[in-house]
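One letter stands for each residue in the lines below.
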Amino acid sequence: MRRQAREVVYKTLYSELFNDEKSNLIDELIKEENLNESDTAFCKKLYETIDKNREEIDGIISELAKNYRLERIFSTDRCALYIGICEMKFFDDVPNIVAIDEALSLCRVYSTAESLAFVNGIFAEVKKRL
């Protein structure tokens, strides 16, 4: 299920932000979650697309997160933003509303109610600009 694939990417990104270094955690989590071949391919494509376009995504977040430097945004929120923005911008097969809903679902589980409103506000602006 793609939801599990997104969660694997989320946890991998969080590990990298927390430890400030690249991680091989994604392969371990794929095995742990027992992702099927299709979900594994989606998971890796999502992770690689975020990695390849991280500077651009960081720029979008920085521009839209008024009064917040990127480093001040909770890591949990940044992970959800990376996933949602990446899917909206680079995945034509994922409708924007699905990308937003899935990223917000991760935010509901791993972050705070205040964060949910903040992240949703950024997604709304990204969606408007696309």
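The rules behind the values
- Residues numbered from 1 in each chain as written.
- Predicted model: local features only at pLDDT ≥ 70, side-chain atom pairs only at ≥ 80, totals over all residues.
- Heavy atoms only, no water.
- Core = buried A, V, L, I, M, F, W, Y, C linked by side-chain atoms within 4.5 Å.
- Buried < 20%, exposed > 50% of the residue type's maximum accessible area, 1.4 Å probe, protein only.
- Helix = DSSP H or I, 4+ residues; strand = E, 2+ residues; numbered from the N terminus.
- Contact = heavy atoms within 4.5 Å.
- Lys, Arg positive; Asp, Glu negative; His and termini not counted.
- Salt bridge = Lys/Arg side-chain N within 4 Å of Asp/Glu carboxyl O.
- Polar contact = N/O pair within 3.5 Å; in protein donor to acceptor, adjacent residues only side chain to side chain.
- Expected span 1.5 Å × (residues − 1).
- Phe/Tyr/Trp six-rings, centres within 6.5 Å; stacked < 30°, edge-to-face > 60°.
- Arc of directions from axis to C-beta.
- Axes fitted to C-alpha atoms, helices over the stretch in contact; angles between N-to-C directions.
- Parallel < 35°, antiparallel > 145°, perpendicular 65-115°, else oblique.
- Left-handed = near helix turned anticlockwise from the far one by under 90°.
- Nonpolar A, V, L, I, M, F, W, Y, C, P; charged D, E, K, R; others polar.

Q: Whenever I open this one, the nonpolar core confuses me. Can you help?
A: Counting residues in each nonpolar core, the largest one holds 42 residues, and the members touching the most others are Val9, Ile85 and Phe123. Counting only elements with at least two residues in this core, the list comes to helix H1 (2-19), helix H2 (25-33), helix H3 (37-52), helix H4 (54-64), helix H5 (75-90), helix H6 (96-110) and helix H7 (113-129). If you tally residues by element for this core, the top one is H5, at eight residues. When residues no more than four places from it in sequence are discounted, the contact partners of phenylalanine 123 are Ala80, Leu81, Gly84, Ile85, Met88, Ile100, Ala103 and Leu104.

Q: Explanation requested: the side chain of aspartate 77 in the structure shown.
A: Assignment of secondary structure puts aspartate 77 in helix H5. One buried charged residue, aspartate 77, forms no salt bridge at all, with the nearest opposite charge on arginine 78 at 9.3 Å. Within the structure, the side chain of aspartate 77 is placed 2.5 Å from the side chain of serine 111, a separation counted as a polar contact. When near neighbours in sequence (up to four residues on either side) are disregarded, aspartate 77 contacts Cys107, Ser111, Ser115, Phe118 and Val119.

Q: Explain H6 to me, please; I cannot follow it from the model alone.
A: The periodicity of an α-helix, 3.6 residues per turn, causes residues three or four places apart in sequence to face the same way. Taking 1.5 Å as the rise per residue, H6 with 15 residues should run 21 Å; its terminal C-alpha atoms sit 21 Å apart, in good agreement. The complete set of buried residues in H6 reads Ala99, Ile100, Glu102, Ala103, Leu104, Ser105, Leu106 and Cys107. Among the structural elements, H1, H5 and H7 are those in contact with the buried residues of H6.

Q: Could you clarify how one ought to interpret the packing of aromatic side chains in this entry?
A: Counting across every chain of the model gives four aromatic pairs. Here tyrosine 10 and tyrosine 110 contribute two aromatic rings whose centre-to-centre distance is 5.0 Å and whose plane-to-plane angle is 25 degrees, an arrangement assigned as stacked. Taken together, the positions of tyrosine 10 in helix H1 and tyrosine 110 in helix H6 put the pair 100 residues apart, joining distant regions of the chain. Considering the side-chain rings of phenylalanine 42 and phenylalanine 91, the 5.8 Å spacing of their centres and the 75 degrees angle between planes classify their relative orientation as edge-to-face. Taken together, the residues span a long stretch of sequence, with phenylalanine 42 in helix H3 and phenylalanine 91 in the loop between H5 and H6 at a distance of 49 residues.

Q: Explain H4 to me, please; I cannot follow it from the model alone.
A: Along H4, the positions that sit buried rather than exposed are Arg54, Ile57, Asp58, Ile60, Ile61 and Leu64. Buried residues of H4, viewed axially, fall in a sector of 160 degrees; they line one side.

Q: What am I meant to see in unusual backbone geometry here?
A: Trans peptide bonds make up most of the peptide bonds, and negative phi angles are found at most residues other than glycine. Phi at asparagine 34 is positive, roughly 55 degrees, even though this residue is not glycine. On the secondary structure map, asparagine 34 appears in the loop between H2 and H3. Phi at asparagine 67 takes a positive value of approximately 70 degrees, unusual for a residue other than glycine. Tracing the backbone shows asparagine 67 in the loop between H4 and H5.

Q: When you look at the environment of glutamate 102 in this model, what are you seeing that I'm missing?
A: Here glutamate 102 shows up in helix H6. The class for glutamate 102 is buried, based on a relative accessible area of 12%. For the pair formed by glutamate 102 and alanine 80, sequence separation is 22 residues and the distance between their alpha carbons is 8.7 Å. Leave out the neighbours within four places in its chain, and glutamate 102 touches Arg3 and Arg6.

Q: Got a minute to help me understand the packing of H6 against H7 in this structure?
A: Where H6 contacts H7, the axes come no closer than 10 Å and their chain directions differ by 165 degrees. In terms of orientation, H6 and H7 fall into the roughly antiparallel class. Here the hand of the crossing between H6 and H7 comes out right-handed. For the pair H6 and H7, the contacting residues are Asn96, Ile100, Ala103, Leu104, Cys107 and Arg108 in the first and Ser115, Leu116, Val119, Asn120, Phe123 and Lys127 in the second. Here the residues of the contact of H6 with H7 are counted per class, giving seven nonpolar, three polar and two charged.

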